[in-house]
Amino acid sequence: MRVLGLETSCDETGVALYDSERGLLSDALFSQIDLHRVYGGVVPELASRDHVKRMLPLIREVLDGAGCRFADIDAVAYTAGPGLVGALLVGASCAQALALAWGVPAVGVHHMEGHLLAPMLEETPPEFPFVALLVSGGHTQLVCVDGIGRYELLGESLDDAAGEAFDKTAKLIGLGYPGGPEIARLAERGTPGRFVFPRPMTDRPGLAFSFSGLKTFALNTWKQCEREGGDLEQARADIALAFQQAVVETLTIKCRRALKQTGLQRLVIAGGVSANQALRQALETMLGELKGQVFYARPRFCTDNGAMIAYAGCQRLLAGQHEGPQIQVQPRWSM
Ligand code: KG4
Ligand code: ZN
């Protein structure tokens, strides 16, 4: 089965073609980061308009890249939520229209299921069951995964998502959007031990997270540095390092707990923050100690992309799921 996947939930237009026998055939992405950067965050109306502009040329590019014609496509998958409603509607309309014209089924995919399954596109995919840490701009969740569609939520953030904490903290200390990669880059020049941030909710049992306090801690530290004067560029890097270390250590502690609770030794990390090298390294070390294994996607498939939607859609279609010809999205949707 050959599935065209469309991703438009936020600020990336992603298109890909996945073949259940041959794997990923082709993928293309247009990132709107430059469009939104001047506003310091995603402007929903601009995002929708840009998806409209990019979608058809990207589909053409993916089909040409795979050497495929319309008649070679067996189904169309699209992100049905969660995400920005106008942006989601672009992908849903396009997918449903193409499916109707080509006489093939369409299937709506949960964006976080797409992220969760993205490591399946790599050379050594994880076997079920495993624990998954989903860390994106909108979600921080620990999930026990027994198979496709068999997900048990173990714990999640009570306030900001990990990616959101990166983005908000970056903004508060004067860095650009998106904050995650900016903080990671700056942290490399940080002085270890100059600042120590709290590890929220690690002093009590359970798998819930809370990241909103870290940005306030970062802001207060930054204001104090401004009052004291001195090398503010270095202060920024030192805050970036201390913040990143706090997020990474908190996530690592909770992952270790989730593995102990479930008795599993395989951990998948997915979503934009799983591109973070410090997080990958900390989890590799922890899984090394437990004689387990950690799995993640290549950086391009950690953040939003069409390949994960084509893959997840293909699994859903193989299990017999598809939608009627109606255009429906779910801006809020629990997995
Ligand atoms: O999965 P994603 O592309 O979109 C959502 O579904 O939200 O995740 C985007 C988030 C942003 O908050 C971004 O700052 C963060 O992932 N991110 C990172 C890194 N790359 C992206 N955070 C930390 N380190 C990175 N290298
Ligand atoms: Zn995402």
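The rules behind the values
- Residues numbered from 1 in each chain as written.
- Chains lettered and ligands numbered in written order.
- Predicted model: local features only at pLDDT ≥ 70, side-chain atom pairs only at ≥ 80, totals over all residues.
- Heavy atoms only, no water.
- Helix = DSSP H or I, 4+ residues; strand = E, 2+ residues; numbered from the N terminus.
- Rg over C-alpha atoms; globule rule 2.2 N^0.38 Å.
- Buried < 20%, exposed > 50% of the residue type's maximum accessible area, 1.4 Å probe, protein only.
- Contact = heavy atoms within 4.5 Å.
- Areas by Shrake-Rupley, 256 points an atom, 1.4 Å probe, with all protein chains shown as cover.
- Lys, Arg positive; Asp, Glu negative; His and termini not counted.
- Charge placed at Lys NZ, Arg CZ, Asp CG, Glu CD.
- Expected span 1.5 Å × (residues − 1).
- Polar contact = N/O pair within 3.5 Å; in protein donor to acceptor, adjacent residues only side chain to side chain.
- Donors = N, O, S within 2.8 Å, 3.2 Å for Na, K, Ca; no water.
- UniProt positions renumbered as here; feature names shortened; annotations may be inferred.
- Pairing = 2+ DSSP bridges.
- Axes fitted to C-alpha atoms, helices over the stretch in contact; angles between N-to-C directions.
- Near = heavy atom within 4 Å.
- Nonpolar A, V, L, I, M, F, W, Y, C, P; charged D, E, K, R; others polar.
- Core = buried A, V, L, I, M, F, W, Y, C linked by side-chain atoms within 4.5 Å.

1. Digging into the overall build of the protein
- Scanning the protein from terminus to terminus reveals 10 helices and 10 strands.
- For a compact globule of 335 residues, the expected C-alpha radius of gyration is about 20 Å, and the protein comes in at 20 Å, within 12% of that figure.
- By its C-alpha atoms, the protein is 65 × 45 × 30 Å across when sized along the principal axes.
- Among the 335 residues that make up the protein, the fraction classed as buried is 52%.
- Excluding contacts between residues fewer than 6 apart, the proportion of contacts in the protein whose partners are at least 24 apart in sequence is 72%.
- With the model as given, the accessible surface of the protein reaches about 14500 Å², and the carbon-plus-sulfur share is 51%.
- Placing the 31 positive and 37 negative side-chain charges of the protein at their respective mean positions leaves the two points 3 Å apart.

2. Considering helix 10 (residues 306-318)
- For helix 10, which comprises 13 residues, the first-to-last C-alpha distance of 18 Å matches the rise-based estimate of 18 Å (1.5 Å per residue) to within 8%.
- Counting buried residues along helix 10, 11 of its 13 residues qualify, which places the element largely inside the surrounding structure.
- Restricting attention to buried positions, one finds in helix 10 the residues G306, A307, M308, I309, A310, Y311, A312, G313, C314, Q315 and L317.
- In this structure, the buried residues of helix 10 make contact with strand 1 (2-7), strand 2 (12-19), strand 3 (23-31), strand 4 (75-81), strand 5 (106-110) and helix 4 (111-117).
- Where helix 10 begins, the side chain of N305 points an oxygen toward the backbone nitrogen of A307, at a separation of 3.0 Å.
- With its phi angle positive at about 95°, G320 sits one or two positions after the end of helix 10.

3. Notes on the coordination of the zinc ion (ligand 2)
- The coordination sphere of the zinc ion (ligand 2), as far as protein atoms go, consists of H111 (NE2), H115 (NE2) and D304 (OD), spread over 2.0 Å.
- You can call D304 buried: its relative accessible area is 13%.

4. Points about the UniProt feature "binding site: Fe cation" (unreviewed entry) in the protein
- The UniProt record annotates "binding site: Fe cation" (unreviewed entry) at H111, H115 and D304. Sequence-wise these annotated residues cover 194 residues; spatially they are packed, their C-alpha atoms never more than 8.7 Å apart.
- Tracing the sequence through the fold places H111 in helix 4.
- A residue is classified by how much of its surface remains accessible, and H111, at 7% relative accessible area, is buried.
- Beyond its immediate stretch of four places on either side in the chain, H111 contacts E7, S9, T79, G81, P82, D304 and M308.
- Within the element layout of this structure, D304 appears in the loop between strand 10 (293-295) and helix 10.
- Not counting residues up to four positions away in its chain, the partners in contact with D304 are E7, S9, C10, E12, L29, H111 and H115.
- A polar side-chain atom of D304 sits 3.0 Å from a polar atom in the side chain of H111.

5. As for the sheet that holds strand 3
- On the basis of which strands lie adjacent, the open sheet formed by 5 strands has the order 3-2-1-4-5 and mixed pairing. A single partner strand is all that each edge strand has here, and the edge strands are strand 3 and strand 5. For this sheet the average axis-to-axis angle between neighbouring strands, irrespective of direction, equals 20°.
- Here strand 1 pairs with strand 2 via 6 bridges, running antiparallel. Each residue of the ladder has a partner; that of E7, found in strand 2, is G14.

6. Structural notes on helix 8 (residues 232-262)
- Across its 31 residues, helix 8 extends 45 Å between first and last C-alpha, which sits within 8% of the 45 Å expected from 1.5 Å per residue.
- Capping of helix 8 at its N-terminal end is provided by D231; its side-chain oxygen lies 3.2 Å from the backbone amide nitrogen of E233.
- G263 sits one or two positions beyond helix 8 and adopts a positive phi of about 75°.

7. Thoughts on the site of ligand 1
- Lining the immediate environment of ligand 1, one finds 19 residues, of which H115, G137, D167, G180 and N276 sit closest.
- H111 has a polar side-chain atom sitting 3.1 Å from an oxygen atom of ligand 1.
- Separating an oxygen atom of ligand 1 from a backbone N or O atom of G137 is a distance of 2.8 Å.
- Coverage of ligand 1 by the protein chains reaches 86% of its 550 Å² of free accessible surface.
- Within the residue set of the shell around ligand 1, elements represented by two or more residues are helix 4, helix 5 (162-172) and helix 6 (179-187).
- Within the shell around ligand 1, the residues separate by chemical class into 6 nonpolar, 11 polar and 2 charged.

8. Some details on the nonpolar core
- Ranked by internal contacts, the top residues of the largest apolar core, which has 47 residues, are L142, F197 and L267.
- For this core, the secondary structure elements donating two or more residues are strand 6 (130-135), strand 7 (140-147), helix 5, helix 6, helix 7 (212-228), helix 8, strand 9 (266-270) and helix 9 (277-289).
- Per element, the largest residue contribution to this core is 14 residues, and it comes from helix 8.
- Each residue touching L142, except ones within four places of it in the same chain, is listed here: V131, A132, L133, E152, L153, L154, G155, L207, F209, K254, C255 and A258.
- Core analysis: the second largest hydrophobic core is formed by 33 residues, V145, Y151, V268 and F301 among them.

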